Amino acid sequence: MKVLKFGGTSVGSVEAIKKVAEILKEESDKDQLIVVVSAMSGVTNQLITISEQASKREADYEKGLEALEEKHCQTYRELTGQSDCFEISKLFSRLTEICRGVYLLKELTPRTSDYIQSCGERLSSFMISEYLKKEGLDAALYDSRQYLITDKKFGAANVLWQSTKSALNSLKPELAAISVFPGFIASTSDHETSTLGRGGSDYTAAVLANVLGASELQIWTDVNGLMTADPRLVPSAHLLEHVSYEEALELSHFGAKVLYPPSIQPALDAEIPIWVKNTFDADGPATLVTKEWDDEKKAICGISSIQDIALVNLTGASMVGVPSFSFRLFKALSEAGINVIMITQASSEHSICVGISKADAQLAAEAINQEFEAEISLKKIDETIIEEDLSVIALVGSHMKNQVGVSGKMFNTLGRNGVSVKAIAQGSSERNITAIIAKEDLKKALNTLHESFFLSESKKINLFIVGVGNVGNAFLNQIQKQQAMLIKEFRVDIQVVAVANSRKAYFNEEGIDLDHWEEKLGSAEACDISGFIDRMHTLNLRNSVFIDITASEDIASTYLSLLEESVSVVTPNKIAATRSMDQYLALKRATKKYGSQFLFETNVAAGLPVISTMNELFKSGDRIHAIQAVLSGTLNYLFNNYDGSKPFSSVVKDAKALGLTEPDPRLDLSGVDVMRKLLILIRESGRKWEMDQIEQVSFLPEACEKAGNLDEFYQLLDENEDHFKAIYKDAQSESAQLRVVASFKDGVAQVGLEKVRKSHPFYYLEGKDNIVLFYTDRYTEQPLVVKGAGAGAEVTASGIFADVLRIANQ
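Here we summarise the structure given alongside this text. (Residues numbered from 1 in each chain as written. Predicted model: local features only at pLDDT ≥ 70, side-chain atom pairs only at ≥ 80, totals over all residues. Heavy atoms only, no water.)

Counting buried residues along strand 21 (residues 544–548), 5 of its 5 residues qualify, which places the element largely inside the surrounding structure. Side chains of strand 21 alternate between two faces, with Ser544, Phe546 and Asp548 and Val545 and Ile547 buried alike. Bridge count for strand 18 (residues 459–466) against strand 21 is 5 bridges, and the pairing is parallel. Across the sheet, the residue bridging to Val466 is Asp548, located in strand 21. For strand 21 and strand 22 (residues 568–570), the ladder comprises 3 bridges, and the chain directions are parallel. (Buried < 20%, exposed > 50% of the residue type's maximum accessible area, 1.4 Å probe, protein only. Helix = DSSP H or I, 4+ residues; strand = E, 2+ residues; numbered from the N terminus. Pairing = 2+ DSSP bridges.)

Structure representation (structure tokens):
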């Protein structure tokens, strides 16, 4: 014998009921079936609305009854081919009388409400049984009210097991091949209709399976089974093929709507396997729920959640060591009919906090304040504090027990993404770890935890890119080319959520199609950096990375607030890392405190691994004593290509056209850009240093340094062409090359144009090459050399990409 329960969506239409019949026909060839059905989808809620309207003297309840009757009659006619729906009309005639009485009395008692709500299942079970008979199946309808006996707690009645077993055991020999029972409904020993509360149809099925000795219980719904997380919030959630009873209880308690928690217990008591299947994908994958097993099972089977939670805090120094406080708190909540979802108390006994439904928050505050009115007035305890707009998340898994590091991993994952935990609870069974967090962080928290604990899924990195010029464009192209490979080979899913220029911004939470980002940005709404960041915070996505590919001082000023929101920052913009030492250290401290990262490899030598090499030296215990470097690919290009045959200004314009200069080339030629790079290297070597401590010797004529704009600058370069020819000829006369060299040694930092002879490594630099020499404790005579292309859109973009991947691999 098998028990099959079909939910509201499974019997919600003619087409759905026909699918149910197909399933039953196939199953009945193998086993005797007990079939439990819910009301048609939405009907119970409609009946509740109708009864409430009647109790408020709202005449619209009559229209609601007429619409429901027509819906059921039409369904019955289509299923059976009969024009007469006498039995349905008969039930609605009685229901109309009951509702008329509610209307006249303006009173809706729990007993009357139960009777009204019971009609949904009575109607659906009648229609289905009649259709099964029409299809030639050996089916019979049984009224659950005759066999499930309860107490008189109308609305959520408790089954009286002895009476129920007696009634069902006497029925067992008479059961048909397919026995149809309405779910959710029962009756008292006085034959008054009662209901089993939320999820009551599941419970009906579990009780029947337990008492009648079924070999398995099947719960048929509109999904394939239990999932690792809510797929509406976690797109990468996948089916759980096998879970234990205990895990199913935990998952269903914390928000998994497929199963109703009490329904599992009768099956657990009798060790009856439970299948959760999809009516609309009958042959598809499903979830099996059984007792515990040990075949290489993961510690975590799922992540569940409840969205609208309030946290009730009772605090006070006089609570310490007084047992009655806890008793009185829970007594007050119980008497107010408030369900407690979670409990936590500090070992100091100074406070107790409980999680409850947000809908009960005000009632809870009133009940507690009334219970502790005397203590509050005497200042022995504080007035109740209610925190709202919260959610519960729970890691669930039977194999968490004695598994070291699960909670640490959970809270580390949340912390890295800026999710603050309000309260924590874990039972001694160690089957779940529960935390209360801000509701606005729920989606981010669920997705980050899912990525962390279900490693078969890729880790998603959400990029917010400001600046789509040459470097930004190259970066987007590189991402587009590598996206598929990174997912396949490294399980890293890099998603561009937003792109912005100085005027507009385009957002797509699901990821921008990088084939069409330019046209999407072109048609986007106007947006400044403040609006861009506000939108990014509103989305509140996990693993968010802000990428600044501009030279804007205003944008650099936003880094600290972003890092404090646990948003990582990647940038080739040197402004933030070269401000005052205090501001630089504030950024570094923020990354440590909030779990974010501030990566700026491309601040020095574009894509060359200069800063990362320094960091690895420092981490391994080495110490840098001296630095010599050619840090401007732009200046290197200029002096490698200038020979006096064409004006120096033309070579500068060529470099700008190739994307080798800053947006304003004066930053490169003034030496300020090189000074910034040297300052960054000195700071990253572990020293406190300011820009004004670097000595600079400029090679530009004084008039050029005073140019008011770029056009004037080019003009002054032409007027001083003889100056540049003289510098070039002087170097040539000594068989030397011109290099702008940055150096740091013995506490002296300087930048200036030098003549480099063939014996020096700097002599042979070509094109836009950069080179850095590190002299350290370990590299004393022969320096550690980092050399390569140090300018250009592609190499700078690749350096940004490398920083993004460092964050992804964190």
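Right, picking up where we left off after that structure.
Attention now moves to the pattern of salt bridges. Enumeration according to the criterion identifies 37 salt bridges in this entry. A salt bridge links Arg77 to Glu70; its shortest N-O distance comes to 3.8 Å. Among the residues examined, Glu70 registers a relative accessible area of 43% and is labelled partly exposed. As a salt-bridge pair, Glu375 and Arg328 come within 2.7 Å of each other at their nearest N and O atoms. Of this pair, Glu375 sits in helix 12 (residues 373–377) while Arg328 is found in helix 10 (residues 324–335), placing the two residues 47 residues apart along the sequence. For Arg328, a relative accessible area of 17% gives the class buried. (Salt bridge = Lys/Arg side-chain N within 4 Å of Asp/Glu carboxyl O.)

With that settled, consider the sheet that holds strand 28 (residues 769–776). Strand pairing within a sheet occurs via backbone hydrogen bonds; the two strands may be parallel or antiparallel. Here 6 strands make up an open sheet; going across it, the order is 25-27-26-24-28-29 and the pairing mixed. Across the chains shown, the open sheet's two edge strands, defined by having one partner strand only, are strand 25 (694–697) and strand 29 (784–789). On average, each strand axis in the sheet is inclined to that of its neighbour by 20 degrees, with strand direction left out of account. Of the strand pairs in this sheet, strand 25 and strand 27 (residues 748–756) are connected by 4 bridges, and their pairing is parallel. Within strand 27, the position partnered with Glu695 by the bridge is Gln750. (Axes fitted to C-alpha atoms, helices over the stretch in contact; angles between N-to-C directions.)

A separate point is empty space enclosed by the protein. Within this structure, the stated rule accounts for 3 cavities of 30 Å³ or more. Taken as a whole, the largest cavity spans an internal volume of roughly 120 Å³. In terms of lining, the largest cavity is formed by Arg416, Asn417, Lys459, Ile461, Asn543, Ser544, Ser566, Ser568, Gly595, Ser596, Ile807 and Gln810. Of the residues in the lining of the largest cavity, the class split is 2 nonpolar, 8 polar and 2 charged. Estimates place the volume of the second largest cavity at around 50 Å³. Taken together, Leu669, Ser670, Gly671, Gln696, Val697, Ser698, Phe699, Val740, Val751, Gly752 and Leu753 make up the full set of residues lining the second largest cavity. Broken down by element, the lining of the second largest cavity gets its largest block of residues, 3 residues, from strand 27. Residue composition of the lining of the second largest cavity, grouped by class: 6 nonpolar, 5 polar and no charged. (1 Å grid on protein atoms, 1.4 Å probe; cavity = no way out; pocket = protein on both sides within 12 Å on 5 of 7 lines; lining within 4 Å. Points joined across faces, edges and corners; volume = space filled by probe spheres on them. Nonpolar A, V, L, I, M, F, W, Y, C, P; charged D, E, K, R; others polar.)

Of all 8 residues making up strand 28, 7 are buried, and the element is well covered by its neighbours. Here strand 24 (residues 624–630) runs beside strand 28; their pairing, made up of 6 bridges, is antiparallel. The partner of Val630 across the bridge, within strand 28, is Ile771. Relative to strand 29, strand 28 runs antiparallel, the two sharing 6 bridges. What sits directly across from Asp769, in strand 29, is Ala789.

Strand order across the open sheet formed by 8 strands is 3-5-2-1-8-10-11-9, with mixed pairing between neighbours. The open sheet terminates on both sides in strands that have one partner only, identified here as strand 3 (139–141) and strand 9 (242–244). Pairwise comparison of adjacent strand axes, ignoring direction, gives a mean angle of 20 degrees for this sheet. Strand direction decides the pairing type here: strand 3 and strand 5 (residues 178–182), joined by 3 bridges, are parallel. Bridged to Leu141 within strand 5 is Val180.

Listed as buried for helix 6 (residues 161–171) are Thr164, Ala167, Leu168 and Leu171. Along the axis of helix 6, the buried residues cluster in a sector spanning 90 degrees; they form a single face. (Arc of directions from axis to C-beta.)

Attention now moves to helix 28 (residues 721–733). End to end, helix 28 covers 18 Å across 13 residues, agreeing with the expected 18 Å (1.5 Å per residue, within 8%). Every buried residue belonging to helix 28 is among Glu721, Phe724, Ile727 and Ala731, and all of these are buried. Projection of helix 28 onto a plane perpendicular to its axis shows the buried side chains occupying an angular sector of 130 degrees, all on one side. Exposed positions of helix 28 whose direction lies more than 90 degrees from the buried face are Asp722, Lys729 and Ser733. In the core, the buried residues of helix 28 are packed alongside helix 23 (648–657), helix 27 (710–719), strand 26 (737–745) and strand 27. One or two steps after helix 28, the chain reaches Ser735, where phi turns positive at roughly 55 degrees. (Expected span 1.5 Å × (residues − 1). Contact = heavy atoms within 4.5 Å.)

A few words now on the nonpolar core. When a protein is soluble and globular, its nonpolar side chains tend to lie buried together. Among the nonpolar cores identified, the biggest contains 83 residues, and Phe532, Phe546, Phe648, Leu669 and Leu717 are the most heavily contacted of them. In this view, Leu669 contacts Leu635, Leu638, Phe648, Val652, Phe699, Leu700, Phe713 and Leu717; residues no more than four positions away in its chain are not counted. Ile23, Leu47, Leu132 and Leu137 belong to the second largest nonpolar core, which has 47 residues in total. (Core = buried A, V, L, I, M, F, W, Y, C linked by side-chain atoms within 4.5 Å.)

Relative to each other, helix 7 (residues 200–212) and helix 9 (residues 261–270) sit at 10 degrees, their axes nearing to 7 Å. One element, helix 7, and the other, helix 9, form an angle in the roughly parallel class. Handedness of the crossing formed by helix 7 with helix 9: left-handed. Of helix 9, the residues touching helix 7 (which contributes Asp202, Tyr203, Ala206, Val207 and Asn210) are Pro262, Ser263, Pro266, Asp269 and Ala270. A per-class count over the contact of helix 7 with helix 9 returns 6 nonpolar, 2 polar and 2 charged. (Parallel < 35°, antiparallel > 145°, perpendicular 65-115°, else oblique. Left-handed = near helix turned anticlockwise from the far one by under 90°.)

Going through the model one piece at a time under the given rule, you end up with 20 aromatic pairs. On the basis of an interplanar angle of 85 degrees and a centroid distance of 5.3 Å, the ring pair of Trp689 and Phe744 is categorised as edge-to-face. Taken together, the residues span a long stretch of sequence, with Trp689 in the loop between helix 25 (672–684) and strand 25 and Phe744 in strand 26 at a distance of 55 residues. Taking the relative accessible area as the measure of exposure, Phe744 reaches 3% and is therefore buried. Measuring from centroid to centroid gives 5.0 Å for Tyr763 and Tyr764, while their planes differ by 75 degrees, and the two rings are edge-to-face. Its relative accessible area of 14% is what places Tyr763 among the buried residues. (Phe/Tyr/Trp six-rings, centres within 6.5 Å; stacked < 30°, edge-to-face > 60°.)

By the element assignment, Glu130 lies in helix 5 (residues 110–134). Separated by 50 residues in the primary sequence, Glu130 and Thr80 place their C-alpha atoms 7.1 Å from one another. Among residues more than four places away in sequence, those in contact with Glu130 are Tyr76 and Thr80.

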